[in-house]
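Read off the chains here:
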Amino acid sequence: MAERTMIEAINMALGRALADDPDVILFGEDIGIDGGVFRATDGLIQRYGSARVRDTPLSETVIAGMAVGAAAHGLHPVAEIQFMGFLYSAIDQLTNHAARLRNRTRGRLTCPLVLRAPYGGGIRAPEHHSESMEAMLAHIPGLRVVIPGSPARAYGLLLAAIRDPDPVVFLEPKRLYRATSETVEDNGQALPIEQAVTLRNGTDVTLISWGAMLTETGAAADQLEAQGISAEVIDLSSLKPLDRAKFRTSVEKTGRCVIVHEAPLTAGLGAEIAADLAEHCLTSLLAPIRRVTGSDTVMPYPRLEAHYMPSTERIRQAVHDVMEYA
Amino acid sequence: MAERTMIEAINMALGRALADDPDVILFGEDIGIDGGVFRATDGLIQRYGSARVRDTPLSETVIAGMAVGAAAHGLHPVAEIQFMGFLYSAIDQLTNHAARLRNRTRGRLTCPLVLRAPYGGGIRAPEHHSESMEAMLAHIPGLRVVIPGSPARAYGLLLAAIRDPDPVVFLEPKRLYRATSETVEDNGQALPIEQAVTLRNGTDVTLISWGAMLTETGAAADQLEAQGISAEVIDLSSLKPLDRAKFRTSVEKTGRCVIVHEAPLTAGLGAEIAADLAEHCLTSLLAPIRRVTGSDTVMPYPRLEAHYMPSTERIRQAVHDVMEYA
Amino acid sequence: MPDPLAYLDATGAALGDLPGFAQDGEILRALYKAMVRTRTFDAKAIALQRTGRLGTYASSLGQEAISVGVASAMTEADVFLPSFREHGGQLWRGVSLKELFLYWGGDERGNDFAKARQDFPVCIPVASQFPHAAGVALAIQQKGERGVAVALGGDGATSKGDFYEALNVVGAWNLPAVFLINNNQWAISVPRAEQTHAKRLADKAIGAGLPGIQVDGNDVIAVRDATERALKRARDGKGGTLIECLSYRLGDHTTADDASRYRDDAEVSPHWKAEPLIRTRNHLVAQHGWSKDDEETLLRSCRDEVEAAAERYLATVPESPRAMFDSLFASAPRDIATLAEEIDDG
Amino acid sequence: MPDPLAYLDATGAALGDLPGFAQDGEILRALYKAMVRTRTFDAKAIALQRTGRLGTYASSLGQEAISVGVASAMTEADVFLPSFREHGGQLWRGVSLKELFLYWGGDERGNDFAKARQDFPVCIPVASQFPHAAGVALAIQQKGERGVAVALGGDGATSKGDFYEALNVVGAWNLPAVFLINNNQWAISVPRAEQTHAKRLADKAIGAGLPGIQVDGNDVIAVRDATERALKRARDGKGGTLIECLSYRLGDHTTADDASRYRDDAEVSPHWKAEPLIRTRNHLVAQHGWSKDDEETLLRSCRDEVEAAAERYLATVPESPRAMFDSLFASAPRDIATLAEEIDDG
Ligand SMILES: Cc1ncc(C[n+]2csc(CCOP(=O)(O)OP(=O)(O)O)c2C)c(N)n1
Ligand SMILES: Cc1ncc(C[n+]2csc(CCOP(=O)(O)OP(=O)(O)O)c2C)c(N)n1
Ligand SMILES: [Mg+2]
Ligand SMILES: [Mg+2]
């Protein structure tokens, strides 16, 4: 069985969805003959035709709004926003319509759409190409927000998102697109969409992260292990709704928690996790909950980008702080 | 000196800004001859003319984007979005431009704009007219987000926002527009824009809220006092940046905290406050931090709206829970 | 043909040959009845709002010919995506009076239409229904259905990016969609002339490579005829059309608005002579023997029907608070479920 | 006048009388030099990117006549709001080669222009510069300045709501703004024909009630002439203009793109004959005694200047990490300040 990168796994899932369900349709900018600027849709127009794999005009608002209309009328649109930095023009349609169509019609009209977008920094991209604003979307009632942490989870979670009867924003950590590969079987099996995943078990501290920062988080856990600190690592995977049970249980066990995300600190999703723990697991806490995040500033241009991103070193340091806390 | 409602105080501040600074310009939908749908700009076009008080076409994206361009070229635009539910189309211009123009030009071009919008529910308005999505904006690096809690603070904070050299989103709790009045002097004095305000001192528990929910929060504090529980009440006022020192100090004193906001729970701004306290005041905490918020669902239509909104009763109950915690 | 397209003048006199359907008294009577029914609903809705028994309401007074004309040209296979001012079209499509009362009374069940189940509910965010219409048209095209997506918005909506982006993709993808503009000359307090410098709103179609047609929006025959042609064109795979319907907002913007703040009665009054019901009635009287009796019977039956629907609306018990979670997702995530329970517990 | 407006054919032969400025050899030489300088910068930027010393870069190969023509028509009082592909215009306006290298090298200091301090930096979010231009024009109008806001975007930008909303308000408020489209026939992999069904992109002006003009974007004389007329019109208080400049993207979309995936060389090669430098050089040779020497001297001086600027760019020390906070606000909020310190501590 072949090893697949995340971008290959995504391409495989999209192909599978097109093959399995005639109502699945893909549209976005440059997803056709170009195969998407990251090649997520490479080869799909050749296999499924230009009616089901469509290049849109350069119009993010209509990409999102058209997905709402198409979904309500029986298609399962999987629309792509080329970069998260250009997703802001889609927020109105997502918030005011996609997220509430089922609710406001009491189930008469539904919105089974997926909006895919690469997000995050670390690839020395131009400005506006490195955003991680997932918390904005995770605040919108009625939306699901999913971020895969590995090729296999990208495959299974994207299939789950496409089959989900409600709108899902599927954010792809572009730094992981080609970073690693693993065995991914094209078995058409979706993964449960609402579950966080424990990547490694540990007893001293719980590290919670998602997307590309799982790399630094995992590296920190390795180094800590060598230093005799046992870290449990959780890939949040579903940013909305949250698998609160999973991380509460873990922190009740370890008593310590460090949350890692690339997005700016203030009002980032790490805050929701820390707040939840502060309310529901207070007595289990042996140390303050630390958040290691991107800086509360605009993502810098490539020359300073590395200083913005949370480093393995900063994560490790935070864990040492909570371990030494007394 | 006359008593003023919040909407009158806002109108007074706008008039004062127009009188004091020839570079101040107002634009938005129906702010001219109609005086704004809530009358915030009542009489201003008559006093300052249709060149400085302008009705725009129905285009929220251009309202925000035009404000960026005008601000960068020397005006101080005070633009109105008629309701927060229609502000989503302005988020792209706010995030990608207003919030970063100074930073990306290293100070060469700046963006001294104010974007005003009424927000919040409780007035039995049609759908999309009762949003409280302030947390989405508070996550955007480079923006200031301010919410006044009383007529006097509305006057002083709006003047501060207009005089601020950087972009400020000024969210007006429409339920408070005419709810109460107090003496507001038209003295042209701005209030410090980054400070939370302690509305009442207390020793047992810290209640943190903002906007219209200060009403229920204050009412709860009254009832609690009668029951011998001394609540300190803080009006956050500045949602970004946060006056962290103010609420940390308070919770270090009281050891208990209940955060109240109208927005949905998940990834609401209450999470940031709770997370901050969980990191910096853990040892002072005598009880879990509770959040009493709007439900994690779409704001219902008027018939169910009341059930969505946090009630005085729910706030009081939460305080009793944390007081009885052991 | 006159431009803007018109068949009846303000007095109801024919300006020339009428299209086939308009020579059929049955059809004309049905159109007239639908407009009267709409206006009766309108008056009742305002009365209920004034007495605190309905929420903020947007009256369609004087613009009934537009959505009635449009809807009457549509088939079951078509999908209607209205703004918040097109009650007449919704009623023609089979949405019930009680459902409309429920919606405007602040009850989501008003959007759970028993009939016209594919139609979209009222769209409050101006112009955001046009991208939805493009999406519905895409689904229709993709599934090889016969229908057409028909979206209706106001003159103010033509200033919004959503409108242009949607119109452009309808042109680029040759989608079966018809966009109509109810140009009632006002966007709350902003007059048409200040909304855009375009000569005709219909001209906004040129930038999308689509035909843009102007019709007398107070002439239900003209509206229906233009819509029928556009629907046929779309069904024949020839693509979309933009139709600007010229009318006038005789009432306030909504019950929350006071139009006297920004326009004089002097401007309004002449438009009362041009409103759609008079000319249709006159034409029915002159050409199809519409009698005083017919008129009174119609008014009475509309009044009775509307009163009965209002009673049923007022009698409906609000949903349980849990309802605000029940339809949020197909199946409630654990997260939401727990929160819902908390609500129950008060 | 020919439509699209053109003065030189692809060989450099005059199609008719040239505008005054174009009969002046000095001016023509300056325009030609600016285009050659731009192309020299372009080649160096690509070379640096290929060797990992510059970030993703958008080449303006074959489109130099557009932004050079536009900028050469502008005065100091005007404000330029370019997309990411209009280096020639930025250079003409006084932005330095080093500043451009810094920007594309991933250093914000590249936007802190020493000259042209009122001009906007490169705009990456497509079409979002057009609302800014409307705002700049509003400020100019309000302050009674002489300037005009000049925004330049691509053919793809005309599909974005920002573009339409901005164009509409320029018309509605009679703002001194000129919007130009670099129609290089491609938006990454999407050809012009799939972007919109509009006959001409210039026709998008009709919906805003503005004049829309098409010019040969490979004819620097035509671009400058059309821009001068539009600027005069705006200065005279007659309002905005949309100008579509027809050109062709000879290179990849950016250094991150591989155009061979979606277009054949067969399509590209004929456009090499129509590119703007050849015809201008031929015309200079034929009409203004431009010699082999002149050409070699020009190429050498451009190469030397660009090489020197690249050296200075490569020699600049990156800013300290603190810089990412220093310009976020006029004065750092307490909140940010503390976080900044944390960064320092590693
Ligand atoms: C995007 C958006 N902005 C603002 C509003 C507030 N608003 C409601 S109706 C309206 C005017 C609409 O005018 P028009 O499109 O002409 O429709 P009409 O009300 O005349 O039928 C405005 C500004 C809104 N509903 N949506
Ligand atoms: C709003 C937005 N969406 C998507 C992108 C990604 N993107 C960058 S350039 C481009 C194509 C632009 O085409 P065009 O407007 O013709 O300009 P050109 O690149 O041809 O100069 C796209 C889709 C973007 N930068 N901004
Ligand atoms: Mg209108
Ligand atoms: Mg292009």
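Residues numbered from 1 in each chain as written. Chains lettered and ligands numbered in written order. Predicted model: local features only at pLDDT ≥ 70, side-chain atom pairs only at ≥ 80, totals over all residues. Heavy atoms only, no water.

> What's the story with the overall build of chain A in this structure? I'm lost.
Looking only at helices and strands, one finds 12 helices and 14 strands in chain A. Here the C-alpha radius of gyration of chain A, 19 Å, is about what a compact globule of 326 residues would show, namely 20 Å. In terms of overall dimensions, chain A has C-alpha extents of about 60 × 40 × 40 Å along its principal axes. Counting the 326 residues in chain A, one finds 75% classified as buried. Of all intrachain contacts in chain A linking residues separated by at least 6 positions in sequence, the fraction that spans at least 24 positions is 83%. (Helix = DSSP H or I, 4+ residues; strand = E, 2+ residues; numbered from the N terminus. Rg over C-alpha atoms; globule rule 2.2 N^0.38 Å. Buried < 20%, exposed > 50% of the residue type's maximum accessible area, 1.4 Å probe, protein only. Contact = heavy atoms within 4.5 Å.)

> Would you take a moment to explain the overall build of chain C for this structure?
In terms of helices and strands, chain C carries 13 helices and 7 strands. For a compact globule of 346 residues, the expected C-alpha radius of gyration is about 20 Å, and chain C comes in at 20 Å, within 12% of that figure. Dimensions along the principal axes, computed over C-alpha positions, put chain C at roughly 70 × 50 × 40 Å. A buried classification covers 63% of the 346 residues belonging to chain C. A sequence separation of at least 24 residues applies to 73% of the contacts in chain C between residues at least 6 apart. By element, 52% of the accessible surface of chain C is carried by carbon and sulfur atoms, the whole surface being about 11,800 Å². (Areas by Shrake-Rupley, 256 points an atom, 1.4 Å probe, with all protein chains shown as cover.)

> Got a minute to help me understand the site of ligand 2 in this structure?
The full set close to ligand 2 counts 20 residues, and E60 of chain A together with R85, D155, G156 and W186 of chain D are the nearest of them. This site is not confined to one chain, since residues near ligand 2 come from chains A and D. In the environment of ligand 2, a nitrogen atom lies 2.9 Å from a nitrogen or oxygen atom belonging to the backbone of I124 of chain D. Residue V126 of chain D places a main-chain N or O atom 3.0 Å away from a nitrogen atom belonging to ligand 2. Here ligand 2 loses 96% of its free accessible area of 570 Å² to cover by the protein chains. Taken together, the residues that form the shell around ligand 2 break down as 10 nonpolar, 5 polar and 5 charged. (Near = heavy atom within 4 Å. Polar contact = N/O pair within 3.5 Å; in protein donor to acceptor, adjacent residues only side chain to side chain. Nonpolar A, V, L, I, M, F, W, Y, C, P; charged D, E, K, R; others polar.)

> Looking at this structure, I do not really get the packing of aromatic side chains. What am I missing?
The description of an aromatic ring pair rests on the distance of the ring centres and on the angle between the ring planes. Evaluated as defined, the whole model comprises 31 aromatic pairs over all chains. Taking 6.3 Å as the distance between ring centres and 75° as the angle between the ring planes, the aromatic pair formed by F27 of chain A and W173 of chain C counts as edge-to-face. Of this pair, F27 of chain A sits in strand β2 (residues 24-28) while W173 of chain C sits in the loop between α6 (161-172) and β3 (177-183), on two different chains. Judged by relative accessible area, which is 0%, F27 of chain A ranks as buried. Across the ring face of F329 of chain C, the terminal group of R144 of chain A is positioned such that the distance to the ring centre comes to 4.9 Å. R224 of chain C extends its terminal NZ or CZ atom over the ring of F21 of chain C, reaching a point 4.5 Å from the ring centre. (Phe/Tyr/Trp six-rings, centres within 6.5 Å; stacked < 30°, edge-to-face > 60°. Lys NZ or Arg CZ within 6 Å of the ring centre and 35° of its normal.)

> Would you take a moment to explain the coordination of the magnesium ion (ligand 4) for this structure?
Each pair of donors in an ideal octahedron of six around a metal sits at 90 or 180 degrees, and each pair in an ideal tetrahedron of four sits at 109.5 degrees. Residues and elements named next belong to chain D. Coordination of the magnesium ion (ligand 4) by the protein is provided by D155 (OD), N184 (OD1) and W186 (O), with metal-donor distances spanning 2.0 to 2.1 Å. Here the donor residues of the magnesium ion (ligand 4) share one chain and are spaced in sequence as D-x28-N-x1-W. Here W186 lies in strand β4 (residues 186-187) and D155 lies in the loop between β2 (149-154) and α6 (161-172), a separation of 31 residues in the sequence. On the basis of relative accessibility, which here comes to 8%, the residue W186 falls in the buried class. (Donors = N, O, S within 2.8 Å, 3.2 Å for Na, K, Ca; no water.)

> In this structure, what is going on with the pattern of salt bridges? I would like to understand it.
Oppositely charged side chains are able to pair whenever their charged atoms sit close together. This structure, assessed with the given rule, holds 100 salt bridges over all chains. Put simply, E127 of chain B and R104 of chain A hold a salt bridge, and the shortest N to O gap is 2.7 Å. In this pair, E127 of chain B sits in the loop between β5 (114-119) and α6 (134-138) while R104 of chain A sits in helix α5 (residues 101-104), so the two residues belong to two different chains. A single burial state applies to E127 of chain B and to R104 of chain A, both of which are buried. Linking E307 of chain D and K44 of chain D is a salt bridge whose minimum nitrogen-to-oxygen distance equals 3.0 Å. (Salt bridge = Lys/Arg side-chain N within 4 Å of Asp/Glu carboxyl O.)

> What is the right way to read the site of ligand 1 from this model?
Around ligand 1, 20 residues are found, and the nearest of them are E60 of chain B together with R85, D155, G156 and W186 of chain C. The residues that come close to ligand 1 belong to more than one chain, namely chains B and C. A distance of 2.9 Å separates a nitrogen atom of ligand 1 from a polar backbone atom of I124 of chain C. Note that a nitrogen atom of ligand 1 is positioned 3.0 Å from one of the backbone N or O atoms of V126 of chain C. For ligand 1, the accessible surface in isolation is 580 Å², of which the surrounding protein chains cover 96%. Class assignment of the residues belonging to the shell around ligand 1 gives a composition of 10 nonpolar, 5 polar and 5 charged.

> Which parts of the structure should I look at to understand the sheet that holds strand β10 (residues 205-209) of chain B?
The strands making up a sheet associate through hydrogen bonds between their backbones, and the pairing can be parallel or antiparallel. Residue and element names in this part refer to chain B. As summarised here, the arrangement of the 5 strands in space is β9-β11-β10-β13-β14, forming an open sheet in which the pairing is mixed. Of all the strands in the sheet, just β9 (197-200) and β14 (290-294) have a single pairing partner and so form its edges. Direction aside, the axes of adjacent strands within the sheet are offset by 25° on average. Examined bridge by bridge, β10 and strand β13 (residues 257-264) share 3 bridges and lie parallel to one another. In the sheet register, I208 faces β13, and the bridge partner there is I259. Relative to β13, helix α10 (residues 269-280) is tilted by about 155°, and along the sheet it contacts β10, β13 and β14. The strands touched by helix α12 (residues 312-324) within the sheet are β10, β13 and β14, with β14 carrying the most contacts at an inclination of about 165°. (Pairing = 2+ DSSP bridges. Axes fitted to C-alpha atoms, helices over the stretch in contact; angles between N-to-C directions.)

> In this structure, what is going on with the relation of the copies chain A and chain B? I would like to understand it.
To go from the first copy of the chain to the second, apply a rotation about an axis and then a shift along the same axis. When chain A is fitted to chain B, the best match, at an RMSD of 0.0 Å, comes from turning it 180° and sliding it 0.0 Å along the axis. The transformation just described matches what one would write down for a two-fold rotation axis. An overlap of 100% is found between the interface residues of chain A and their copies at the interface of chain B, pointing to a shared contact surface. (Least-squares fit on C-alpha atoms with pLDDT ≥ 70 in both.)

> Just to check I follow, could you spell out the coordination of the magnesium ion (ligand 3) for this structure?
Looking at the metal site, the magnesium ion (ligand 3) is ligated by D155 of chain C (OD), N184 of chain C (OD1) and W186 of chain C (O), spaced 2.0 to 2.1 Å from it. Summarised as a motif, the one-chain spacing of the donors to the magnesium ion (ligand 3) is D-x28-N-x1-W.

> I keep staring at the pairing of strand β4 (residues 76-80) of chain B and nothing clicks. Help me out?
Looking along a regular strand, one sees side chains alternate from face to face of the sheet. Residue and element names in this part refer to chain B. Across the 5 residues that make up β4, a large majority, 4, are buried. Pairing of strand β2 (residues 24-28) with β4, which is carried by 5 bridges, proceeds in the parallel orientation. Among the inter-strand pairings, I25 is bridged to a residue of β4, identified as P77. Of the pairings in the sheet, the one linking β4 to β5 comprises 3 bridges and is parallel in character. From the neighbouring strand, E80 faces β5, where its bridge partner is R116.

> Is there a simple way to think about the interface of chain A and chain B in this case?
Size of an interface, as often reported, equals the accessible area lost when the parts are brought together. Taken together, the contacts link 54 residues of chain A with 54 residues of chain B. If you sort the residues of chain A by the area they bury against chain B, H139, E279 and V298 of chain A come out on top, with a joint share of 15%. Remark: the boundary between chain A and chain B carries 8 salt bridges. R291 of chain B serves as the salt-bridge partner of E272 of chain A, at 2.8 Å between the closest nitrogen and oxygen. Contributions of two or more residues to the side of chain A that touches chain B are made by α4 (91-98), α5, α6 (134-138), β13 (257-264), α10 (269-280) and β14 (290-294) of chain A. For the side of chain A that touches chain B, the leading source of residues is α10 of chain A, giving 8 residues. (Buried area = accessible area lost by both parts, 1.4 Å probe.)

> Just checking my understanding: could you explain the environment of R175 of chain B for this structure?
Residue and element names in this part refer to chain B. Structurally, R175 is set in the loop between β7 (168-173) and β8 (181-183). Apart from residues no more than four positions distant in its own chain, R175 is found in contact with G121, G122, I123, A212, M213, E216, E262 and M309. Reaching out from R175, the side chain makes a polar contact with the side chain of E216 at a distance of 2.9 Å.

> When you look at the packing of helix α1 (residues 25-50) of chain C against helix α11 (residues 292-315) of chain C in this model, what are you seeing that I'm missing?
Packed helices, taken two at a time, are described by the angle their axes make and the gap between the axes. Residue and element names in this part refer to chain C. Two elements in contact, α1 and α11, have axes separated by 9 Å at closest approach and are oriented at 45°. Classified by the angle their axes make, α1 and α11 are oblique. The element α1 and its partner α11 pack so that their crossing is right-handed. Of α11, the residues touching α1 (which contributes Y32, K33, V36, R37, T40, F41, K44 and L48) are E295, L298, L299, C302, R303, E305, V306, E307, A310, Y313 and L314. (Parallel < 35°, antiparallel > 145°, perpendicular 65-115°, else oblique. Left-handed = near helix turned anticlockwise from the far one by under 90°.)

> Got a minute to help me understand the sheet that holds strand β3 (residues 53-55) of chain A in this structure?
Residues and elements named next belong to chain A. The mixed open sheet is built from 7 strands, whose spatial order is β3-β2-β4-β5-β7-β6-β12. The outermost strands of the open sheet, each flanked by one partner alone, are β3 and β12 (238-240). Neighbour to neighbour, the strand axes of the sheet diverge by 20° on average, direction disregarded.

> Explain α6 of chain C here, please?
Given 3.6 residues per helical turn, the α-helix brings residues three or four places apart onto the same face. All names here are of chain C. Look at α6: 16 Å from first C-alpha to last across 12 residues, which is about the 16 Å you get at 1.5 Å a residue. Across the 12 residues that make up α6, a large majority, 11, are buried. Three or more residues of α6 are buried, namely G161, D162, F163, Y164, E165, A166, L167, N168, V169, V170 and G171. Taken from the residues just after α6, N174 is the one with a positive phi, measuring 50°. (Expected span 1.5 Å × (residues − 1).)

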